[in-house]
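Breakdown of the fold
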Amino acid sequence: MGLSAACVYQANLDAVSGALWRGDVVTILDHLAIPNSMVTEDAALIIASVDEMTITVTEFREQMIAMGADSYSRTCIAARFINGRGDMIVGIHETRITCDGEPVCPSYLNRMTLLHRHDRWKGVVIEAETSNRDITILSPDLAEEQRRELARLGISLGRS
C-alpha cells in the first residue's frame, strides 16, 4: 500500500519549507510545478517561469529574515486524494514563522493542491489565508504586473 495523502502532503511541505529557508531554488522547483498558482487574500499570481519562481521565493525568504525570523515551518492539518484521482491530493496546512520558537507574525492556514507527474508530487495551487500586505508571500511587483496585463485583457485572477 502507498503512502497516505497526509504523508505525501507533509513530505512536500517539509521539502519546500527547508529549501525555501536555505534559499535552495533547485529543490523548490523539484516540488512546485510551473506554472503555479499562488493566491493570498489580496493578491494572486500565476508563476510561469523559473525566473518568476526564483524572484517570488527569494523575496519571501528575505522578508521573513527582515521580520527577525529564524524558522519557517508548515504542518499538514488534513489531506486527501481527490475521488477517483490517485494522482491529485488536496490539503490544508498551517504556516508558522518564528524566532526562538516565538511567532514573528500570526500563523495562517493554507490550502494546497498536489499533482503527481513524472514520478514526483508537485504543488500546483497554493492559497494562503493571509494578506500579502501583512506577509509578502507573493512578489508585489510580479503580482501587480500580471494583474495589469490580465486587466488589459479583461481577465480577473483569484481574489484580487
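Not measured: the values here are computed from a predicted model. (Residues numbered from 1 in each chain as written. Predicted model: local features only at pLDDT ≥ 70, side-chain atom pairs only at ≥ 80, totals over all residues. Heavy atoms only, no water.)

Another point: the side chain of His 31. One can find His 31 in helix H2 (residues 25-31). The buried category is assigned to His 31, whose relative accessible area is 16%. When sequence neighbours within four positions are dropped, the list of residues in contact with His 31 reads Asn 12, Ala 15, Val 16, Arg 120, Trp 121, Lys 122 and Gly 123. (Helix = DSSP H or I, 4+ residues; strand = E, 2+ residues; numbered from the N terminus. Buried < 20%, exposed > 50% of the residue type's maximum accessible area, 1.4 Å probe, protein only. Contact = heavy atoms within 4.5 Å.)

For the rest of this paragraph, the subject is the packing of helix H1 (residues 5-22) against helix H3 (residues 50-66). Axis separation between H1 and H3 bottoms out at 9 Å; the angle between their running directions is 75°. With respect to H3, the element H1 is oriented roughly perpendicular. Contact with H1, carried on its side by Leu 20, Trp 21 and Arg 22, involves Val 57, Phe 60, Arg 61, Met 64 and Ile 65 of H3 and no other residues of that element. Of the residues contributing to the contact of H1 with H3, the split by class is six nonpolar, no polar and two charged. (Axes fitted to C-alpha atoms, helices over the stretch in contact; angles between N-to-C directions. Parallel < 35°, antiparallel > 145°, perpendicular 65-115°, else oblique. Nonpolar A, V, L, I, M, F, W, Y, C, P; charged D, E, K, R; others polar.)

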